[in-house]
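Topology and contacts: notes
Each chain, written out:
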Amino acid sequence: MHPKKRTKDGRPARITIITPVYNESAGLAAYAEAVQNTLFSLKDYEIRVLFVEDGSLDDSWARIQEICRQDSRFTGVRLSRNFGSHIALSAGIDLADGDAVVTLACDLQDPLEAVLQFLEKWREGYDIVWGKRQTRQDAKWRIKTSNFFHYLLKRYAMPQHSRFTTGSFLLMDRKVADSFRHFRENNRITFALVAWTGFDQAVVHYDRTSRSHGVSSWNFSKMMKAMYDSFIGFSILPVRLITISGVFFFMLSVAVTAYLSFSWFFGRPVPGWTSLMATLSMLFGLLFLMLSIIGEYLHRIYSEVVSRPLYFISARTIDDEDEV
């Protein structure tokens, strides 16, 4: 792929780093120092960091304000409540004005050196650069679940030939960010939406480290919800499974009905109700499962039809500085 000219006026490329923050007070100073030492020293880029404080219960917002007062290359916005990391990332992408946008967690598990490789791939002409974890310091169940999640999405949900990775450590070009802004659904998975846009994609492999501060809020239930949202939002598999199951059990019921009718006509009725009730219980259980999946789709249709705003911003560090 031939390198693309990323700026029209010859100025250094402006890169916006979006960092969602939720109860990360203990690690914000270390994050700011790492960014200053690694990214702000780059001469070919104008790096800016946008904190999106997602309704933390600790003093994360006060820490962000202090960091922004000390270094104007940091700015921050505070959401009115906790909307979730994917909504926080969407708010950051809505506000980002860089030629490229990088999503970066503040726990420093994703190394800043990988961002430098992102930028190299972007300079080569790629519009989306994914960070793919080749090693990670996480529990085995989390690694296996993540790998299984990736396989299912790649097989049944994401566009063919997409190089996406499960996780939201990535770079997107300005035109990808502009395309991303068109997505306004409430139930959203950032990497899935980015993958859906298409464009030219590359992958950077890196080693993920363990957290040095705080405790991750990304637990098993949230991982399952991400998988659930991805399949409901991007895959036809749930509906297809309902159709296949419906056809299978209909054919099975035809066979059972024919057998029972044959037994009745020839005077050999099946004694007892055990088998009959077991069959009815199974079929009714399947029916309620189908109805619940259909109800989930109806609920999501309702959520999109009412068109509630994705988020509200309650404060900005730039406004705070203007008031001083």
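Preceding this section is the structure that the text describes.
Residues numbered from 1 in each chain as written. Predicted model: local features only at pLDDT ≥ 70, side-chain atom pairs only at ≥ 80, totals over all residues. Heavy atoms only, no water.

1. Some details on the overall build of the chain
For clarity, the threshold we go by: Per the convention used, a helix needs a DSSP run of H or I reaching at least four residues, while a strand needs a run of E reaching at least two, with both numbered from the N terminus. Using a 1.4 Å probe on the protein chains alone, a residue whose accessible area is under 20% of its type maximum counts as buried, one over 50% counts as exposed, and one in between counts as partly exposed. Residues are treated as being in contact if the distance between any of their heavy atoms lies within 4.5 Å. The Shrake-Rupley method, run with a 1.4 Å probe sphere, supplies the accessible areas, and residue values consider only the shown protein chains as cover.
Counting secondary structure elements, the chain contains 11 helices and eight strands. A total of 324 residues make up the chain; the buried ones form 42% of that total. Partitioning the contacts of the chain with sequence separation of at least 6, the portion at a separation of at least 24 is 83%. As presented, the chain carries roughly 17,800 Å² of accessible surface, and 59% of it is formed by carbon and sulfur atoms.

2. So, the packing of aromatic side chains
Test applied: Only Phe, Tyr and Trp rings are paired, with Trp represented by its six-membered ring, and only when their centres lie within 6.5 Å; those with planes under 30 degrees apart are stacked, over 60 edge-to-face, the remainder tilted.
Applying the stated criterion across every chain, the model contains seven aromatic pairs. Seen in terms of ring centroids, Phe 169 and Tyr 206 are 5.2 Å apart; in terms of plane orientation they differ by 85°. Their pairing is edge-to-face. Residue Phe 169 is located in the loop between α5 (140-156) and β6 (170-173), and its partner Tyr 206 is located in strand β7 (residues 201-208); the two are separated by 37 residues in the primary sequence. One aromatic cluster in this structure is built from Tyr 31, Phe 40, Phe 51 and Phe 74.

3. Section: helix α1 (residues 28-38)
Worth spelling out the cut-off: The arc in question is formed by the directions pointing from the helix axis toward the C-beta atoms.
All of the buried residues in α1 are Leu 28, Tyr 31, Ala 32, Ala 34, Val 35 and Thr 38. For α1, the arc enclosing every buried residue in end-on projection is 165°, short of the 170-degree limit, so these residues lie on one face. The inward-facing, buried residues of α1 contact β1 (13-21), β2 (45-53), α2 (60-70), β3 (74-79) and α4 (112-124).

4. Some details on the nonpolar core
Note the following rule: For our purposes a nonpolar core is just a set of buried Ala, Val, Leu, Ile, Met, Phe, Trp, Tyr and Cys residues, chained together by side-chain atoms within 4.5 Å.
In this structure, Ile 15, Ile 17, Phe 51 and Phe 74 are the most contacted members of the largest nonpolar core, which totals 37 residues. Of all the secondary-structure elements, those providing two or more residues to this core are β1, α1, β2, α2, β4 (100-103), α4 and β7. Not counting chain neighbours up to four residues away, the residues in contact with Phe 74 comprise Ala 32, Val 35, Gln 36, Phe 40, Val 49, Phe 51, Ile 67 and Cys 68. Core analysis: the second largest hydrophobic core is formed by 32 residues, Ile 18, Val 77, Ile 189 and Phe 191 among them.

5. Regarding the pattern of salt bridges
Our working rule: Here, a salt bridge means any side-chain nitrogen of Lys or Arg that lies within 4 Å of a carboxyl oxygen of Asp or Glu.
With the rule as written, the count across this model stands at 11 salt bridges. The salt bridge partner of Arg 174 is Asp 178, with a shortest N-O separation of 2.9 Å. Here Asp 178 and Arg 174 lie together in helix α6 (residues 174-180), a separation of four residues that amounts to about one turn. Linked by salt bridges that have partners in common, Arg 14, Glu 46 and Arg 48 make up one network.

6. A word on the layout of surface pockets
The criterion, for reference: Here the term cavity refers to a set of points on a 1 Å grid, laid over the protein atoms alone, in which a 1.4 Å probe fits but cannot get out; the term pocket refers to an open set having protein on both sides within 12 Å along at least five of seven lines, with lining residues being those that place an atom within 4 Å of a point. Grid points are joined across faces, edges and corners, and a volume is the space filled by probe spheres set on the points. Three classes are used, and their members are as follows: Ala, Val, Leu, Ile, Met, Phe, Trp, Tyr, Cys and Pro are nonpolar, Asp, Glu, Lys and Arg are charged, and the others, Gly among them, are polar.
The volume enclosed by the second largest pocket comes to roughly 270 Å³. What lines the second largest pocket is a set of 16 residues, and nearest its centre among them are Leu 50, Thr 75, Leu 95, Asp 97 and Ile 318. Looking at the lining of the second largest pocket, the elements that each hand over two or more residues are β1, β2, β3 and α11 (317-323). Of the residues belonging to the lining of the second largest pocket, the class tally is six nonpolar, five polar and five charged.

7. A word on α2
Taken together, the buried positions of α2 are occupied by Ser 60, Trp 61, Ile 64, Gln 65, Ile 67 and Cys 68. Across the axial projection of α2, the buried residues extend over an arc of 165°, all falling on one side. Seen from the open side of α2, the exposed residues pointing more than 90 degrees away from its buried face are Arg 69 and Gln 70.

8. So, a nonpolar patch on the surface
Where we set the bar: Exposure above 30% relative accessible area and the absence of a salt bridge qualify a residue for a patch, where like charges join within 9 Å and nonpolar side chains (Val, Leu, Ile, Met, Phe, Trp, Tyr) within 5 Å.
Together, Leu 287, Leu 291, Ile 294, Leu 298, Ile 301 and Val 305 give the surface a local cluster of nonpolar side chains, amounting to about 570 Å² of exposed area. By the secondary structure assignment, Val 305 is in helix α10 (residues 274-306).

9. Some thoughts on unusual backbone geometry
Only a minority of non-glycine residues have a phi that is not negative, and only a minority of peptide bonds are not trans. Here Asn 23, not a glycine, exhibits a phi torsion of approximately 55°, which is positive. Within the element layout of this structure, Asn 23 appears in the loop between β1 and α1. The exposure class assigned to Asn 23 is partly exposed, which follows from its relative accessible area of 29%. One non-glycine residue, Phe 199, lies in positive phi territory at about 70°. For Phe 199, the position within the fold is in the loop between α7 (190-197) and β7.

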